[in-house]
Amino acid sequence: MSALGDQLKAALAAGAPITVERYMEMALADPQYGYYMTRDPFGANGDFTTAPEISQMFGELIGLWAAEVWTSIGRPIPIRLIELGPGRGTLMSDALRAARIVPEFRAALDVTLIETSPPLAQMQYEALLTAGAPIAWKASLADAPDGPAIILANEFLDALPIRQFERRDGQWRERILRLDEAGELAFGVADAPEPYLNLEADEGAVIEVSAAAHRFMFELAGRLAKQGGAALFLDYGRAVTGFGDSLQALRAHRSVDPLTEPGECDLTAHVDFAAMARSARAAGAAVHGPIDQGEFLRALGIDLRARALAERSPDRAAEFEAARRRLVGKGDDEMGALFKAMTVANRGVPPPPGFQPSPAKPE
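Throughout this document, residue positions are counted from 1 along each chain, in the order its sequence is written. The predicted nature of this model means local features are confined to residues of pLDDT at least 70 and side-chain atom pairs, given and counted, to a pLDDT of 80 or more, with totals for whole chains, interfaces and linings taken over all residues. No hydrogens and no water enter the side-chain calculation; it runs on all heavy atoms of the structure.

Colleague: Can you walk me through the sheet that holds strand β5 (residues 163–168) in this structure?
Modeller: Across a sheet, paired strands are connected by hydrogen bonds in the backbone, their directions being either parallel or antiparallel. Should DSSP find at least two bridges between two strands, the strands are regarded as paired. Only DSSP runs of H or I covering at least 4 residues are called helices, and only runs of E covering at least 2 are called strands; the numbering of each starts at the N terminus. Ordered in space as β7-β6-β5-β8, the 4 strands form an open sheet in which the pairing is antiparallel. Of all strands in the sheet, those bounded by a partner on one side alone are β7 (185–189) and β8 (206–209). In this sheet, neighbouring strand axes are inclined to one another by 35° on average, regardless of whether the strands run parallel or antiparallel. Of the pairings in the sheet, the one linking β5 to strand β6 (residues 171–179) comprises 4 bridges and is antiparallel in character. Across the sheet, residue Phe165 finds its bridge partner in β6, namely Glu174. Any pair of residues with heavy atoms lying within 4.5 Å of one another is described as a contacting pair. Orientation is described by lines fitted to C-alpha atoms, with helices fitted over the stretch in contact, and by angles between N-to-C directions that extend from 0 to 180 degrees. Packed onto the sheet, helix α1 (residues 3–13) meets β6 and β7 and runs at close to 115° relative to β6.

This is the structure we're talking about:
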C-alpha cells in the first residue's frame, strides 16, 4: 500500500469519515503524496495520453480557433489566453505556433497557465521557453488577470472531485471509504440517508455530483459574462445527466481498482456536460454544445490538416492518419465520440468555430 493509503487506513481506523470526494482530493492533490503533485503522468512512460500528446494537429487547430474567437469579440488588446491544467505545455506550444499566421492576435496575447503541480509547471516552462509570448503561472483562475479572455481546458473537469450517492433500501446514501474485514480500503455507504436527493431510481443506482466543478463553472461563467470572452472545454463524459458509477483509475495505461495505491494512479470521473451547462447559464453565460470531439475537430479542418502534413512528409503519412483517426474516430480506442466539446461564452459572442451549423460529414 502507498504512503497515502496507509494514512487513509489510519484515519478510517480512528473513525474519521472519508467521502469519495475527499478521497479524490487527497489522492490527486495532497501536497506530499498527491498524484499530480509528484510526477509527469503523461505519455508512453506515464499513465495516460491526452489529445495534445497524440498529434500536433490538436493544439494547432485550438490555436486557430482562439484566433477566430478573438476576431469575433472585437479583437481586444490585450486578450487573456488562459489554459486550465496545461499538462506538459504541449497544447499551448502548438497553439501559439499555429497562431503565428495571425500576427495581430499573437501580439495581443497575454498568456496565463493555471497549474498547481510543481513538476508539471517546470515542464511547461521548458516547453514554452521559445514560445514568443509573455507567460505567467497562477494557482487558480481567480489569480489570473482581469479582462476579456479566451480560456482553454482539455481534460480539466474530469479530475475535479465528485460525490457519489447510491440507492439503498429506497434512500440515497453517500458513498464513503471504509475498512473491510482484512483492514483494506473498500467502498461503503453512509449510515444516514441524504435528505436533499429525491430522485426515483432502481436499487443500487449511483448518481454523481461534482460540487467542485459546479463552483468552478459558476466562477468561470460569471467572469465571462462580466468581462467578455469564451472558454472551450474538451473532456470525456456525457451530454445528458444520468445514473452510473464512472469513477476510474489508470496506471501504465491500464484500468486499475480506484482504491489501489492511492496517490500512485490517476483518478477521474466522466464530466456531466449537461450539469456544467446549467451552472454556466445560471451565472449569465451562453453555452454552445456539447458536441462530439470528432465533429468539432472536423469542423475546424483536421481532415485537411492531416492531408497537408502527409503531403509535406510522405514518410509520416500513416502516422498522421492514425493520429487523426484516434482523435475523431468512434471506435473503442478512439476519442471522437467519447470526448465532447463545449464552449461557455459571453452572451454577446456569436457561435464560435466548430459550433456553427454545418452539413454533417461522413465518417
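Colleague: How should the environment of Phe58 be read in this particular structure?
Modeller: Looking at where Phe58 falls in the secondary structure, it is placed in helix α4 (residues 56–72). Expressed as a C-alpha distance, the spacing of Phe58 and Leu297, which sit 239 residues apart in the sequence, is 7.9 Å. Not counting the four nearest positions on each side in its chain, Phe58 is found in contact with Ala51, Pro52, Leu91, Asn154, Leu234, Gln293, Leu297 and Leu327.

Colleague: Please clarify how empty space enclosed by the protein should be interpreted in this entry.
Modeller: Summary: where empty space remains is shown by rolling a probe the size of a single water molecule over the atoms. Using only the protein atoms, space was sampled on a 1 Å grid; points where a 1.4 Å probe fits but cannot get out form cavities, open sets with protein on both sides within 12 Å along at least five of seven lines form pockets, and lining residues are those with an atom within 4 Å of a point. Grid points are joined across faces, edges and corners, and a volume is the space filled by probe spheres set on the points. According to the stated counting rule, one finds 1 cavity of 30 Å³ or more in the structure shown. Put simply, the largest cavity is a space of about 30 Å³. In terms of residues, the lining of the largest cavity owes the most to one element, α4, which gives 3 residues. Residue type decides the class: Asp, Glu, Lys and Arg count as charged, Ala, Val, Leu, Ile, Met, Phe, Trp, Tyr, Cys and Pro as nonpolar, and the leftover types, Gly among them, as polar. When grouped by side-chain class, the residues that make up the lining of the largest cavity number 8 nonpolar, 1 polar and no charged.

Colleague: Whenever I open this one, the side chain of Asp303 confuses me. Can you help?
Modeller: Here Asp303 is to be found in helix α11 (residues 302–312). Polar contacts involving the side chain of Asp303 include one to the side chain of Arg324, which spans 3.0 Å. Dropping the residues within four chain positions of it, Asp303 is found in contact with Arg298 and Arg324. N or O atoms closer than or at 3.5 Å make up a polar contact, with two conditions inside protein: a donor-capable atom paired with an acceptor-capable one, and, for residues adjacent in sequence, both atoms drawn from side chains.

Colleague: I would appreciate a short explanation of the nonpolar core in the present structure.
Modeller: Looking at soluble globular proteins, one finds that nonpolar side chains tend to be buried together. Counting 50 residues, the largest nonpolar core has Trp65, Leu81, Leu96, Phe105, Ile150, Phe296 and Leu327 as the members making the most contacts within it. A total of 9 residues in this core trace back to one element, the largest contributor, which is α4. Look past the residues within four positions of Ile150 in its chain and what remains in contact with it is Trp65, Ala66, Val69, Trp70, Ile79, Arg80, Leu81, Ile82, Phe105 and Ala230. Think of a nonpolar core as a cluster: buried Ala, Val, Leu, Ile, Met, Phe, Trp, Tyr and Cys residues, connected wherever their side-chain atoms sit within 4.5 Å. Accessibility here uses a 1.4 Å probe with only protein chains present; expressed as a share of the type maximum, an area under 20% marks a residue as buried, one over 50% as exposed, and anything in between as partly exposed. Residues Ala144, Ala149, Ala153 and Ala213 belong to the second largest nonpolar core, which totals 31 residues.

Colleague: What am I meant to see in the pattern of salt bridges here?
Modeller: Side chains that differ in charge, positive against negative, can pair when their charged atoms come close. Think of a salt bridge as a Lys or Arg side-chain nitrogen and an Asp or Glu carboxyl oxygen that are within 4 Å of each other. Under the definition given, this model contains 20 salt bridges. Its salt-bridge partner being Asp303, residue Arg324 comes within 3.0 Å of it at the nearest N-O pair. Linking Arg324 in helix α12 (residues 317–328) with Asp303 in helix α11, this pair joins segments that are 21 residues apart in sequence. Asp303 carries the same exposure label as Arg324, and that label is buried. By sharing partners, the salt bridges in this structure join Glu60, Asp94, Arg97 and Arg305 into a single network.

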